[in-house]
Amino acid sequence: MSRRIAWFTAVVVAVSLGGPPVAFAQQSVKLGAGDTLTISGFINATLFNDRGLFDGFGQGQNAEWAAVAQLPIDQGFVDGDIRNTRIRFDFNSGPVLGNWAPKATLEADFFGTLGAPPFGDEQPQLRGRFAYVDLTNGRTTLRVGQFWAPLFGEVPVSLTHIAFPLGYGATGMVGWRFPGVFLYHDLRPGKPLTVQVQLAVLKGSGQVVTSGIGSGEASGKPQFEARFNLARKFGTASWNGYVVYHVDNKDMNGVGVAGGDLNGWGVETGHNFTAGKLTVHGNYYFGHNLGQQFGHITQGAGSNAAPANQQGRIQGWGAWAQVGYDVTTHWGVWFYYGMDQPDVAKYQQDNGAALLRQLSHDTDALIRFRAGRYALGLEYFRAVTRWSTGIRTADQYALSVLYTL
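Residues numbered from 1 in each chain as written. Predicted model: local features only at pLDDT ≥ 70, side-chain atom pairs only at ≥ 80, totals over all residues. Heavy atoms only, no water.

*Asks:* Explanation requested: the overall build of the chain in the structure shown.
*Replies:* Check the secondary structure of the chain and you find 2 helices and 22 strands. Looking at the chain as a whole, 44% of its 405 residues are labelled buried. For the chain, the accessible surface area stands at approximately 18700 Å², while carbon and sulfur atoms represent 63% of it. (Helix = DSSP H or I, 4+ residues; strand = E, 2+ residues; numbered from the N terminus. Buried < 20%, exposed > 50% of the residue type's maximum accessible area, 1.4 Å probe, protein only. Areas by Shrake-Rupley, 256 points an atom, 1.4 Å probe, with all protein chains shown as cover.)

*Asks:* Would you mind showing me how to read unusual backbone geometry here?
*Replies:* Of all residues except glycine, most have a negative phi; of all peptide bonds, most are trans. Positive phi is not limited to glycine here, since Asn 289 has a value of about 60°. Structurally, Asn 289 can be placed in the loop between β17 (278-288) and β18 (315-326). Even without being a glycine, Phe 294 presents a positive backbone phi close to 65°. Mapped onto the fold, Phe 294 is located in the loop between β17 and β18.

*Asks:* How should the confidence of the model for the chain be read in this particular structure?
*Replies:* Fine structural detail should not be taken from predicted coordinates in areas where pLDDT scores are low. Looking at the chain, pLDDT values average 86 and 86% of them are 70 or higher. Overall, residues 1-25 carries pLDDT values under 50, and its contacts beyond four positions in sequence, including any with other chains, amount to 22 contacts. (pLDDT = per-residue confidence, 0-100. Contact = heavy atoms within 4.5 Å.)

*Asks:* Explain the packing of aromatic side chains to me, please; I cannot follow it from the model alone.
*Replies:* Two measures describe an aromatic ring pair: the distance that separates the ring centres and the angle between the ring planes. Evaluation of the coordinates by the stated rule reveals 23 aromatic pairs. Geometrically, the ring pair formed by Tyr 132 and Phe 147 is edge-to-face, given 5.2 Å between the ring centres and 70° between the ring planes. Highlighted residues: Tyr 132 in strand β8 (residues 124-136) and Phe 147 in strand β9 (residues 140-148), separated in sequence by 15 residues. Seen in terms of ring centroids, Trp 265 and Phe 286 are 5.6 Å apart; in terms of plane orientation they differ by 40°. Their pairing is tilted. Highlighted residues: Trp 265 in strand β16 (residues 261-275) and Phe 286 in strand β17, separated in sequence by 21 residues. We note Arg 143 situated over the ring of Phe 147; from NZ or CZ to the ring centre the distance is 4.6 Å. Of note, Arg 177 hangs over the ring of Trp 176, and the distance from its end group to the ring centre comes to 4.4 Å. (Phe/Tyr/Trp six-rings, centres within 6.5 Å; stacked < 30°, edge-to-face > 60°. Lys NZ or Arg CZ within 6 Å of the ring centre and 35° of its normal.)

*Asks:* Before we go on, may I ask you to explain the pairing of β8 in this structure?
*Replies:* Remember that side chains alternate between the two faces of the sheet whenever the strand is regular. Pairing geometry for strand β7 (residues 101-113) and β8, over 11 bridges, is antiparallel. For Leu 106, the partnering residue across the bridge sits in β8 and is Ala 131. In the sheet, β8 pairs with β9 via 6 bridges, with the strands oriented antiparallel. When the sheet's bridge partners are listed, Asp 134 is paired in β9 with Arg 143. Connecting the antiparallel pair β8 and β9 is a turn made up of 3 residues, with Gly 138 showing a positive phi of about 95°. (Pairing = 2+ DSSP bridges.)

*Asks:* Would you take a moment to explain the nonpolar core for this structure?
*Replies:* Here is a general trend for soluble globular proteins: nonpolar side chains tend to be buried in one another's company. In this structure, Phe 147, Trp 148, Phe 164 and Tyr 168 are the most contacted members of the largest nonpolar core, which totals 31 residues. Ignoring any residue separated from it by four or fewer positions in sequence, one finds Tyr 168 in contact with Phe 57, Glu 64, Trp 65, Trp 148, Phe 152, Met 173, Val 174, Gly 175, Trp 176 and Phe 294. (Core = buried A, V, L, I, M, F, W, Y, C linked by side-chain atoms within 4.5 Å.)

*Asks:* What's the story with helix α2 (residues 344-351) in this structure? I'm lost.
*Replies:* Side chains of residues three or four places apart in an α-helix project in the same direction, reflecting 3.6 residues per turn. Its side-chain oxygen at 3.4 Å from the backbone nitrogen of Ala 345, Asp 343 defines the N-terminal cap of α2. Just past α2, the residue Gly 352 takes up positive phi, approximately 70°. (Polar contact = N/O pair within 3.5 Å; in protein donor to acceptor, adjacent residues only side chain to side chain.)

*Asks:* Help me understand the pairing of strand β14 (residues 223-234), please; the structure alone is not making it clear to me.
*Replies:* Strand direction decides the pairing type here: strand β11 (residues 193-202) and β14, joined by 10 bridges, are antiparallel. Opposite Val 197, over in β14, you have Phe 228 as the bridge partner. Here β14 pairs with strand β15 (residues 237-251) via 11 bridges, running antiparallel. Looking across to β15, one finds that Asn 229 is bridged to Tyr 242. Where β14 folds back onto β15 in an antiparallel hairpin, the turn is made up of 2 residues, including Gly 235, whose phi is positive at roughly 65°.

*Asks:* What is the right way to read the pattern of salt bridges from this model?
*Replies:* Should the charged atoms of two oppositely charged side chains come close, the side chains can pair. Tallied over the entire structure, the rule returns 14 salt bridges. Among the ionic pairs, Arg 370 bridges to Asp 326, the shortest N-O distance being 4.0 Å. Of this pair, Arg 370 sits in strand β20 (residues 357-371) while Asp 326 sits in strand β18; the two residues are 44 residues apart in sequence, bridging distant segments of the chain. Exposure remark for Arg 370: the relative accessible area of 35% places this residue in the partly exposed category. The class for Asp 326 is partly exposed, based on a relative accessible area of 22%. Residue Lys 346 is joined to Asp 350 by a salt bridge in which the shortest nitrogen-to-oxygen separation is 3.3 Å. (Salt bridge = Lys/Arg side-chain N within 4 Å of Asp/Glu carboxyl O.)

*Asks:* Help me understand the environment of Lys 277, please; the structure alone is not making it clear to me.
*Replies:* Summarising the element assignment, Lys 277 is placed in the loop between β16 and β17. Separated by 49 residues in sequence, Lys 277 and Asp 326 have C-alpha atoms that sit 5.0 Å apart. Among all residues touching Lys 277, those that are not within four sequence positions of it are Gly 324, Tyr 325, Asp 326 and Val 327.

*Asks:* I tried to follow the environment of Val 144 on my own but got confused; where do I start?
*Replies:* Here Val 144 lies in strand β9. Considered as a pair, Val 144 and Pro 179 are 35 residues apart in the sequence and their alpha carbons are 7.6 Å apart. Each residue touching Val 144, except ones within four places of it in the same chain, is listed here: Tyr 132, Val 133 and Gly 180.

*Asks:* Got a minute to help me understand the side chain of Asp 340 in this structure?
*Replies:* In this structure, Asp 340 sits in strand β19 (residues 331-342). On the basis of relative accessibility, which here comes to 2%, the residue Asp 340 falls in the buried class. Within the structure, the side chain of Asp 340 is placed 3.4 Å from the side chain of Tyr 285, a separation counted as a polar contact. If we skip the residues at most four places from it in the chain, Asp 340 touches Ala 170, Thr 171, Gly 172, Tyr 285, His 296, Trp 317, Gly 318, Arg 357, Leu 359 and Ser 360.

*Asks:* Before we go on, may I ask you to explain the side chain of Arg 227 in this structure?
*Replies:* Position of Arg 227 relative to the elements: it lies in strand β14. It is Glu 268 that comes nearest to the buried, bridge-free Arg 227 among opposite-charge side chains, at 5.6 Å. Here the side chain of Arg 227 touches Pro 150 through a polar contact of 2.6 Å, landing on its backbone oxygen. Discounting residues that sit within four places of it in the chain, Arg 227 has contacts with Pro 150, Phe 152, Gly 153, Gln 196, Val 197, Gln 198, Tyr 242, Val 243 and Val 244. (Lys, Arg positive; Asp, Glu negative; His and termini not counted.)

Here it is, written out as structure tokens:
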């Protein structure tokens, strides 16, 4: 047992310090009693030149929409980012209850920083993303822990924008990870048209805070989501799609104070069609009061990116689409466009004030080279954002590398 712990520790240290964990990658290590551990993840690094400032999440790999306050001169700057790098541990056991077997996953990234710039951002620290335990019989899975809400669906392809995908909170890309209870069940396994149902009861994002730490939703009601996944092959082509419904109830005044009810709901559909070298995918959502799910994220307190601070009475829609084509076995091109359209008139009516961020448009073009687990990309990203004070723009030129473990 001590030998296995020492091996496990060595892998973690090697990855954390930037050592070469490739020899261990994609290998399932036997832990005893038929249990196995599989280590995976990826290394992602970006060098970028931003022309103009992005708002909310930050610059670099987090860029999403143009800031309202732009520099009058000398707008360009060069920087680097490695925070998308990720490590994942999957534990698998044999059946323990009939044909039901337990599994567990722990995933971390490097978004935590050691102090402020100029050196803090160059010393990222591990941060937990997922931690959940499954009980599954292959067709049905019960998951308890922290994972993506079903509202987090189709994801745009990018080598620069991974942890914060293209359009996240800006042009139709929504959803967040929460602790909760998840149920997945395949309704038509092995059929030409497969159907899966997902149900989730999730921790809310309310205003009960003790010593700076959230301690639950004051309404006493969790978030609830239901989703159907569908997939089918047509010869050499394939299609998959989904539809999801979300509902929640937030108490904005916290405990001990009357009122403050803020009901949220949303619907979303996403689709992916692949035929040979061509891929077309995207999604559309319409929702009301979805700040905690990164829907119209700037509602409430301006450009603060923390979801707990972004609750407000606002509704609207967002959508994005992306097309990709593999020109050769190694070279491919991808083009993305998305927009976010909150209902500005309704916001004014419900809140008695003008909405700060009124419209977002994102455009992205990627030239990607792939060879096995290695990928290199040249990427151009542009955000056009209409604020209540006028239109702002910001551009980004990036060189990114991705190595999948």
